[in-house]
Amino acid sequence: AAEPGGLSLAPDGGCLSLVDLAGSEWARDQAANSAERVRETQEVNRSLMTLKACLAARASAKAGGARMPTRDTAITRVLRGALEGAGRLVLIATASPSSADAEHAMSTLSHVGLAVGA
């Protein structure tokens, strides 16, 4: 069936990926963590940076675009179809209204801005 925007999906060809990206940690917040937790945090942040690069490349695709590093991390491999335009990409972002979390909230909103091309 034809979807708005000219996208045609086969009844059995759909894919829904739900990804929770709430694991982002900042270096200054991880001083009390074990070495294993620090390595895990570094991997999460590497994945988020790659996802950010993909979102930026997706937003600039109409202007010639940049290389989209969809093969660089597991999360971008899972989301490859949506990132490359073969499907729909929907982001739901939550941010704390607390002034103590303002810096984290602004970082979250800047990632959403990349995704929508703002």
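For the structure, check the block above.
Predicted model, so just to flag it, every value in this text is computed and none were measured. (Residues numbered from 1 in each chain as written. Predicted model: local features only at pLDDT ≥ 70, side-chain atom pairs only at ≥ 80, totals over all residues. Heavy atoms only, no water.)

A. Quick peek at the overall build of the protein. Within the protein one finds four helices and zero strands. Reading the helices (α) and strands (β) of the protein from amino to carboxyl end gives α-α-α-α. The burial tally for the protein puts 19% of its 118 residues in the buried class. By sequence separation, contacts in the protein at least 24 residues apart represent 47% of the contacts at least 6 residues apart. A total of about 8300 Å² of accessible surface is found on the protein, and carbon and sulfur atoms cover 56% of it. (Helix = DSSP H or I, 4+ residues; strand = E, 2+ residues; numbered from the N terminus. Buried < 20%, exposed > 50% of the residue type's maximum accessible area, 1.4 Å probe, protein only. Contact = heavy atoms within 4.5 Å. Areas by Shrake-Rupley, 256 points an atom, 1.4 Å probe, with all protein chains shown as cover.)

B. Inspection of the nonpolar core at higher detail. Residues Leu 51, Cys 54, Leu 55, Ala 57, Met 68, Ile 75, Leu 79 and Leu 83 constitute the largest nonpolar core, which totals eight residues. The element that contributes the greatest number of residues to this core is helix α1 (residues 35-59), accounting for four residues. In this view, Cys 54 contacts Met 68, Pro 69, Thr 70, Thr 76 and Leu 83; residues no more than four positions away in its chain are not counted. (Core = buried A, V, L, I, M, F, W, Y, C linked by side-chain atoms within 4.5 Å.)

C. The arrangement of the pattern of salt bridges in detail. Inspection of the entire model under this criterion finds two salt bridges. Note that Arg 46 is salt-bridged to Glu 43, the shortest N-O span being 3.2 Å. Separated by three residues within a single helix, Arg 46 and Glu 43 lie in helix α1, roughly one turn from each other. Relative accessible area serves as the criterion here: at 40%, Arg 46 is assigned to the partly exposed category. (Salt bridge = Lys/Arg side-chain N within 4 Å of Asp/Glu carboxyl O.)

D. The arrangement of the side chain of Thr 76 in detail. Structurally, Thr 76 can be placed in helix α2 (residues 74-78). Owing to a relative accessible area of 0%, Thr 76 belongs among the buried residues under this scheme. Of the polar contacts made by the side chain of Thr 76, one reaches the backbone oxygen of Thr 70; its length is 3.1 Å. Side-chain polar atoms of Thr 76 contact the side chain of Thr 73, separated by 2.9 Å. Setting aside chain neighbours within four positions, we find Thr 76 in contact with Thr 50, Leu 51, Cys 54, Pro 69, Thr 70, Arg 71 and Leu 83. (Polar contact = N/O pair within 3.5 Å; in protein donor to acceptor, adjacent residues only side chain to side chain.)

E. View of α1. The terminal C-alpha atoms of α1, which comprises 25 residues, lie 36 Å apart, in line with the 36 Å expected from a rise of 1.5 Å per residue. Looking at α1, one finds that the buried residues are Thr 41, Ser 47, Leu 48, Thr 50, Leu 51, Cys 54, Leu 55 and Ala 57. (Expected span 1.5 Å × (residues − 1).)

F. Seen up close, the side chain of Thr 73. Summarising the element assignment, Thr 73 is placed in the loop between α1 and α2. Under the relative-accessibility criterion, Thr 73 is labelled buried at 1%. Sequence-distant contacts of Thr 73, that is, excluding residues within four places in its chain, are made with Arg 46, Ser 47 and Thr 50.

G. Focus on the environment of Val 112. Mapped onto the fold, Val 112 is located in helix α4 (residues 102-116). With relative accessibility at 23%, the residue Val 112 sits in the partly exposed group. In sequence terms Val 112 and Leu 91 are 21 residues apart; their C-alpha atoms lie 7.2 Å from each other. Dropping the residues within four chain positions of it, Val 112 is found in contact with Leu 91 and Ala 93.

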